[in-house]
Amino acid sequence: MEKIDSNGITKEHVDDLQLPSSYESAMEALSSLISGHKRGQKPLIPSKYDKLERMRMYLKILGLEEHIAGLKIIHVAGTKGKGSTCTFCEAILRECGVRTGLFTSPHLIDVRERFRINGLEITEDRFLQHFWECWHKLEENITEDLPMPPLFQFLTVLAFKIFTSEQVDVAIVEVGIGGKNDSTNVIKEPVVCGITSLGMDHTETLGNTLSEIASHKAGIFKPKIPAFTVSQLSEAMEVIQERSKELEVPLEVTPALDPKKLEGLKLSLSGDHQLINAGLAVSLCKCWLQRTGNWEKLTKNDDLEAADLPHAFRRGLASAHISGRAQIIHDASSNSNATEGSRGDLIFYLDGAHSPESVEACANWFSSSIKENENSSVSNFKLDKMNGVPTNGHFQREKEVGSCKISKQILLFNCMDLRDPQILLPRLANTCASSGTYFSKALFVPSMSAYNKVTSGASAIPTDISKKDLSWQFNLQRIWEKIVQGKELDSSSEKGFNIDNAKTLSHEFIHQDASRRNTTTDNYIGSSAVMPSLPLAIKWLRDCVKENPSIRLQVLVTGSLHLVGDVLKVLRR
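Just so you know, these numbers come straight off a predicted model, no measurement behind them.

About the cut-offs
Residue numbering note: each chain is counted from 1, following its sequence as written. Since the coordinates come from a predicted model, pLDDT governs what is reported: local features require at least 70, and pairs of side-chain atoms require 80 or more to be given and counted, while whole-chain, interface and lining totals use all residues. The side-chain quantities take in all heavy atoms of the structure and omit both hydrogens and water. Strands are labelled as partners when DSSP assigns at least two bridges between them. For the purposes of this entry, the term helix denotes a DSSP run of H or I that reaches at least four residues, the term strand denotes a run of E that reaches at least two, and both are numbered from the N terminus. Here, residues are in contact when the closest pair of their heavy atoms is within 4.5 Å. Axis angles are defined between N-to-C directions and span 0 to 180 degrees, where every axis is a line fitted to C-alpha atoms and, for a helix, only to the segment in contact. Among the buried residues, those of types Ala, Val, Leu, Ile, Met, Phe, Trp, Tyr and Cys that are joined through side-chain atoms within 4.5 Å form a nonpolar core. Whether a residue is buried, partly exposed or exposed follows from its accessible area with a 1.4 Å probe, protein chains only, as a fraction of its type maximum: under 20%, in between, or over 50%, in that order. UniProt positions are given in the numbering used here, feature names are shortened, and annotations may be inferred rather than shown by experiment. Each Phe, Tyr or Trp ring (for Trp, its six-membered ring) is paired with any other whose centre lies within 6.5 Å, and the angle between the two planes then decides the class: stacked below 30 degrees, edge-to-face above 60, tilted in between. For this classification, under 35 degrees means roughly parallel, over 145 means roughly antiparallel, 65 to 115 means roughly perpendicular, and everything else is oblique. We call a crossing left-handed when the near helix sits turned anticlockwise from the far one by less than a right angle, and right-handed when that turn is clockwise. Put simply, Ala, Val, Leu, Ile, Met, Phe, Trp, Tyr, Cys and Pro go in the nonpolar bin, Asp, Glu, Lys and Arg in the charged bin, and everything else, Gly too, in the polar bin. Each salt bridge in this description consists of a side-chain nitrogen of Lys or Arg and a carboxyl oxygen of Asp or Glu lying within 4 Å of one another.

Another point: the sheet that holds strand β8 (residues 227-229). Taken together, the eight strands give an open sheet; going across it, the order is β5-β4-β3-β6-β2-β7-β8-β9, and neighbouring strands pair in mixed fashion. Of all strands in the sheet, those bounded by a partner on one side alone are β5 (120-121) and β9 (251-253). Judged from the two bridges that link them, strand β4 (residues 115-117) and β5 form a sheet pairing that is antiparallel. Among the inter-strand pairings, Ile117 is bridged to a residue of β5, identified as Leu120. Running over the sheet, helix α8 (residues 234-246) touches β7 (192-195), β8 and β9 and is turned about 155 degrees from β9. Sheet contacts for helix α9 (residues 274-291): β2 (73-77), β6 (170-174), β7 and β8; angle to β7, the most-contacted strand, approximately 170 degrees.

So this is what it looks like as structure tokens:
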């Protein structure tokens, strides 16, 4: 659990606040590679070469083509859990004494998060050295048929450059989108491949059926190279198995990790679904160690029982860390000037879930996490068991333990317009409700990140909200109100929205009966509000707990990794 100090800054991020201009120049250069065309759209100008042909040409220009096989790669695709699985793999192998490189996406605050050497983000100096070497060499060799690579292709090439130059023993590479046509699929001879749980995501690129999606994911399989996957729906598993037979790939379906094997330790990543990811990571790492001749060295001092899950594996599973996935942050700045007992509490639960399956896993994690807190309580509305529609009103009797604080669960949500909130929001609300967790209020905020710009942890937070288009947030609010009120919401709240009123949203809103409708002077319905910016939303939450010493706000931030990254950026300022 992470704690933010009274200035909103964690110690490890202090050094990031004064970055040299060359770093910002690198960010500007990266921003110029953002193509602007949406996923699934065909390029406006047909190219002589396809994506993977271009990737191979970029690698050849940089002299990396022959070096990639030497990186002894673990290649991982999947819909959900691939970042966590890669993170578990990295931590396990590092505990085994292996020098590790880890490439994941997206980043939350700073692009350097994507490149980890031995568990740490690459340093700014080393990043800049490798970045400009790649940039200048590619720039010198571009032609009409081979322009500078788009952003993700460049970052993938840069990852191979970094891992080769830093002489890692293993490179753990997470697929970006899909697999077959992904930029990372220039890897010809990985040591082992993995496919995590599959579901419906990126359908605009990968197809509208699970079998089509599975076909893309299984596209990372290479002839006779071992592969592992987890239990899948039959529609997906059939495709994976068929592809493995075509390529003579030894395929194993790995079970979820048995918690008893951890011998008292706990997985560092929260949520029952992480046992599935951990089980896959264990199989991938065992296979990697066996195929590289390191397994016997590792287990020779372990007894037979420990050899099944060596001590180093347990240490890795208990220490792996990935930001923005099942992450809990206690916000200390909301109570820094108050004495104990005279302030409320503000706790953020961060998870970048954005597919139906991952949103369900997020909801289960959030519900179990707040129940672990002895002061957690049932929020202010319960499902009417007769008709399944939430009925709202006054507080149920809440637990008053220890500090006698009343816990309220708040949803802070946004998602990209490529997602379907009519699937995501009901799945979130219903999964939470099935565990007895109900949201007192929901806040819908626009993205703070600009999709046409790569920023660093020190980049300025935008403050101009006067020109923000909030139509998407009002759409989210209408869907939410339909879920919790069972009624269609008209567009009067959007037409009457006033930015100035939103800046001064009453703290009494936190206690309002959800049946109350908005008036010409309010910018909210009883159970939800649209906020014109994320910094305003976080300021309002902080002010609420300062003004209400008897409450604890447990804020679930989900729907988008961009939103989670933005929240982290605001909290750490």
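Leu30, Phe127, Phe154 and Phe160 are the most contacted members of the largest nonpolar core, which has 43 residues in total. Every element with two or more residues in this core is listed here: α1 (21-31), α2 (51-61), β4, α4 (124-140), α5 (151-165) and β6. The dominant element in this core, judged by the number of residues it contributes, is α5, at nine residues. Apart from residues no more than four positions distant in its own chain, Leu30 is found in contact with Val111, Phe131, Leu151, Phe154, Leu155 and Val454. Counting residues in each nonpolar core, the second largest holds 38 residues, with Cys86, Phe88, Val191 and Leu317 among its members.

With that out of the way, let us pick up the UniProt feature "binding site: Mg(2+)" (unreviewed entry) in the protein. Feature annotation in UniProt places "binding site: Mg(2+)" (unreviewed entry) on Ser105, Glu174 and His202, given in this structure's numbering. As for its placement among the helices and strands, Ser105 is situated in the loop between β3 (100-103) and β4. Judged by relative accessible area, Ser105 falls into the buried class, the value being 12%. The residues contacting Ser105, other than those within four sequence positions of it, are Arg114, Phe152, Glu174, Gly176 and Arg325. Owing to a relative accessible area of 3%, Glu174 belongs among the buried residues under this scheme. Once residues lying within four places of it in the same chain are set aside, the contact partners of Glu174 are Val76, Lys82, Gly83, Cys86, Phe103, Thr104, Ser105 and Thr184.

What follows is about the UniProt feature "binding site: ATP" (unreviewed entry) in the protein. UniProt feature "binding site: ATP" (unreviewed entry): in the numbering of this structure it lies at Arg325 and Asp351. The largest pairwise C-alpha distance within this set of annotated residues, which runs over 27 residues, is 4.4 Å, so the set is compact in three dimensions. Exposure remark for Arg325: the relative accessible area of 19% places this residue in the buried category. Leave out the neighbours within four places in its chain, and Arg325 touches Ser105, Pro106, Leu350, Asp351 and Leu561. Here Asp351 lies in the loop between β11 (345-350) and α13 (356-372). Owing to a relative accessible area of 9%, Asp351 belongs among the buried residues under this scheme.

Tallied over the entire structure, the rule returns 16 aromatic pairs. Look at Phe103 and Phe115: their rings are 5.6 Å apart centre to centre, the planes differ by 25 degrees, and that puts the pair in the stacked class. One end of the pair, Phe103, is in strand β3; the other, Phe115, is in strand β4, and 12 residues separate them in sequence. Of the residues examined, Phe103 reaches a relative accessible area of 1% and is grouped as buried. Where Phe131 meets Trp132, the ring centres are 4.7 Å apart and the plane angle is 85 degrees; that geometry is what we call edge-to-face. Taking relative accessible area as the criterion, Phe131 reaches 0% and is therefore assigned buried. Here the aromatic cluster, defined as three or more aromatic residues joined through ring pairs, consists of Tyr23, Phe103, Phe115, Phe127, Phe131, Trp132, Trp135, Phe152 and Phe154.

It is worth spelling out the environment of Ala214 at this point. Structurally, the position occupied by Ala214 is in helix α7 (residues 210-217). Expressed as a C-alpha distance, the spacing of Ala214 and Ile240, which sit 26 residues apart in the sequence, is 6.4 Å. With sequence-adjacent residues up to four places away left out, Ala214 is seen in contact with Leu198, Ala236, Val239 and Ile240.

Turning our attention to the side chain of Ser527. Within the secondary structure, Ser527 is located in the loop between β16 (524-525) and β17 (528-530). The exposure class assigned to Ser527 is buried, which follows from its relative accessible area of 1%.

This paragraph deals with the packing of α2 against α5. Where α2 contacts α5, the axes come no closer than 11 Å and their chain directions differ by 40 degrees. One way to sum up the angle between α2 and α5 is to call them oblique. Crossing geometry of α2 relative to α5 is assigned as right-handed. Between α2 and α5, the contacting residues are Lys51, Arg54, Met55, Tyr58 and Leu59 on the first element and Gln153, Thr156, Val157 and Phe160 on the second. Of the residues assigned to the contact of α2 with α5, the class counts are five nonpolar, two polar and two charged.

For the pair α13 and helix α14 (residues 421-434), the least separation of the axes is 9 Å and the interaxial angle reads 30 degrees. Here α14 runs roughly parallel to α13, going by the angle between their axes. Where α13 crosses over α14, the handedness of that crossing is right-handed. Contacts between α13 and α14 involve Pro356, Glu357, Val359, Glu360, Ala363, Asn364, Phe366 and Ser367 from the first element and Ile423, Leu424, Arg427, Leu428, Thr431 and Cys432 from the second. Here the contact of α13 with α14 is composed, by residue class, of eight nonpolar, three polar and three charged.

So, on to the pattern of salt bridges. Side chains that differ in charge, positive against negative, can pair when their charged atoms come close. In this structure the tally under the stated criterion is 14 salt bridges. When the shortest N-O distance is used, the salt bridge between Arg427 and Glu360 registers 2.9 Å. Residue Arg427 is located in helix α14, and its partner Glu360 is located in helix α13; the two are separated by 67 residues in the primary sequence. Since its relative accessible area comes to 29%, Arg427 is described here as partly exposed. With relative accessibility at 32%, the residue Glu360 sits in the partly exposed group. Linked by salt bridges that have partners in common, Arg99, Arg126 and Glu166 make up one network.

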